[in-house]
Amino acid sequence: MGLFERFLTVWVALGIGAGVGLGLWLPGLFEAVAALEYAQVNLVVAVFIWVMIYPMMIQIDWHAVKDVGKRPQGLLLTLVVNWLIKPFTMAALGVLFFQYLFAPWVDPKSASEYIAGMILLGVAPCTAMVFVWSQLVKGDANYTLVQVSVNDLIMVVAFAPIAAFLLGVTDVTVPWETLVLSTVLYVVLPLAAGMLTRHLLLKRSAQALTNYVAALKPWSVVGLIATVVLLFGFQAQTIVAQPGVIALIAVPLILQSYGIFFIGWWGAKLLKLPHDVAGPACLIGTSNFFELAVAVAISLFGLNSGAALATVVGVLVEVPVMLSLVAIVNAWRPKYPNSIKT
């Protein structure tokens with residue numbers, strides 16, 4: 001591992017601190033950057049996420065993608081965790097904490113909105129950041145692409161019905177522009193660019209491809225840190241103004257993340273998945289498509305609602321939690337690459 005990857009947790013911690021500090025010191029700058037969005041998708045964040053995942057897209061071997069169908073268990077695990085387990089456990093944890101355990105400190109209206117925000121996070125599995133987590137655990141890039149692509153297709157038809165059921169409303173307004181634009185920006189365009197780059201480099205030599213990927217690798221981490229700085233800078237005022245509420249919301253979100261990960265890991269052991277498929281499968285179910293969740297929360301409940309705040313807290317806790325899970329996956333890497341540690 002290079003310097004960037006070896007001390008990634010340190011860089012992220014510094015990025016969080018820098019983001020909060022700069023957000024408090026230069027709020028006008030971050031407000032201006034936050035305004036550069038279309039359909040609730042911030043274009044600057046999109047560029048940094050693009051920088052993160054483009055290097056991984058170059059590594060996808062399209063001749064190997066067709067072989068994913070020979071190993072359907074990993075894809076099955078991803079879909080079961082994301083759509084049959086995660087939304088419902090998130091809703092259950094929200095009710096447990098905000099209607100019972102935290103009831104003395106939270107008024108009923110705010111509690112219901114926090115639960116709604118958690119539900120929206122639970123129904124929005126991650127699209128872009130998964131590629132970064134997969135790369136960090138040396139996941140199968142071809143398999144990860146298929147997992148994310150199938151997940152996105154299901155999200156188009158399943159997000160609204162599941163969200164409506166769990167929220168107890170009959171009409172959930174799905175911002176389709178956000179969903180489509182995010183998929184194009186975070187999956188389609190970098191994938192097309194990666195395919196073209198790979199094709200051109202392989203025409204020269206396999207070594208040219210290897211050298212180019214090695215040169216780009218640090219930029220994935222740079223993109224991640226820049227994204228962290230921006231996200232925490234956007235929310236610096238909220239973090240300082242409501243630290244107690246943010247801490248309360250973070251508790252069930254963190255428990256949900258670790259719980260879903262270990263459910264996925266147990267399922268991977270049961271299915272005897274290879275480590276490079278098991279790792280990304282568990283991480284896909286753990287992370288969230290926060291742009292979509294935030295956009296729907298604002299659309300349904302308003303910009304200053306508890307639901308919108310809960311989705312934002314989901315963004316704040318995700319990176320540190322996911323880094324810890326990446327460390328766990330790597331620590332559990334077996335001596336033999338075709339099995340996971342039992």
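Residues numbered from 1 in each chain as written. Predicted model: local features only at pLDDT ≥ 70, side-chain atom pairs only at ≥ 80, totals over all residues. Heavy atoms only, no water.

A. The packing of helix H8 (residues 129-136) against helix H9 (residues 141-167), seen in detail. One way to put it is that H8 packs onto H9 with a least axis distance of 10 Å and a crossing angle of 155 degrees. It follows that H8 is roughly antiparallel to H9 by the angle criterion. Crossing of H8 over H9 shows right-handed handedness. Residues Val130, Phe131 and Ser134 of H8 touch H9, and the partners they reach there are Thr144, Leu145 and Val148. Its residues assigned to classes, the contact of H8 with H9 shows four nonpolar, two polar and no charged. (Axes fitted to C-alpha atoms, helices over the stretch in contact; angles between N-to-C directions. Helix = DSSP H or I, 4+ residues; strand = E, 2+ residues; numbered from the N terminus. Parallel < 35°, antiparallel > 145°, perpendicular 65-115°, else oblique. Left-handed = near helix turned anticlockwise from the far one by under 90°. Contact = heavy atoms within 4.5 Å. Nonpolar A, V, L, I, M, F, W, Y, C, P; charged D, E, K, R; others polar.)

B. Examining the confidence of the model for the protein chain more closely. Per-residue confidence for the protein chain averages 84 on the pLDDT scale, and 92% of its residues sit at or above 70. The element-level mean pLDDT for the protein chain is lowest in helix H1 (residues 3-6), coming to 60, with helix H13 (residues 243-271) highest at 94. (pLDDT = per-residue confidence, 0-100.)

C. Seen up close, the packing of helix H7 (residues 108-122) against H13. Interaxial distance between H7 and H13 falls to 11 Å at its minimum, and their mutual angle equals 45 degrees. Classed by the angle they form, the pair H7 and H13 counts as oblique. The interaxial crossing formed by H7 with H13 has right-handed handedness. Facing Tyr114, Met118 and Leu121 of H7, the residues of H13 in contact are Val245, Ile249, Pro252 and Leu253. Tallied by class, the residues present in the contact of H7 with H13 amount to seven nonpolar, no polar and no charged.

D. Structural context of a nonpolar patch on the surface. A grouping of Leu22, Trp25, Leu26 and Leu29 is seen on the molecular surface, where their side chains present a nonpolar patch of about 410 Å² in accessible area. Mapping leucine 22 onto the fold places it in helix H2 (residues 8-25). (Patch = residues over 30% accessible without salt bridge, like charges linked within 9 Å, V, L, I, M, F, W, Y side chains within 5 Å. Areas by Shrake-Rupley, 256 points an atom, 1.4 Å probe, with all protein chains shown as cover. Salt bridge = Lys/Arg side-chain N within 4 Å of Asp/Glu carboxyl O.)

E. Here's a closer look at H2. For H2, which comprises 18 residues, the first-to-last C-alpha distance of 25 Å matches the rise-based estimate of 26 Å (1.5 Å per residue) to within 8%. Within H2 the residues assigned to the buried category are Leu8, Val12, Gly15, Gly19, Val20 and Gly23. Angular distribution of buried residues about the axis of H2 spans 125 degrees; they occupy a single face of the element. Of the exposed residues in H2, the ones pointing more than 90 degrees away from its buried face are Leu14 and Trp25. (Expected span 1.5 Å × (residues − 1). Buried < 20%, exposed > 50% of the residue type's maximum accessible area, 1.4 Å probe, protein only. Arc of directions from axis to C-beta.)

F. Examining the pattern of salt bridges more closely. Under the criterion given, the structure shown has one salt bridge. With its nearest N and O atoms 2.9 Å apart, the salt bridge here joins glutamate 113 to lysine 109. Highlighted residues: glutamate 113 and lysine 109, both in helix H7, separated by four residues, approximately one helical turn. For glutamate 113, a relative accessible area of 13% translates into the label buried.

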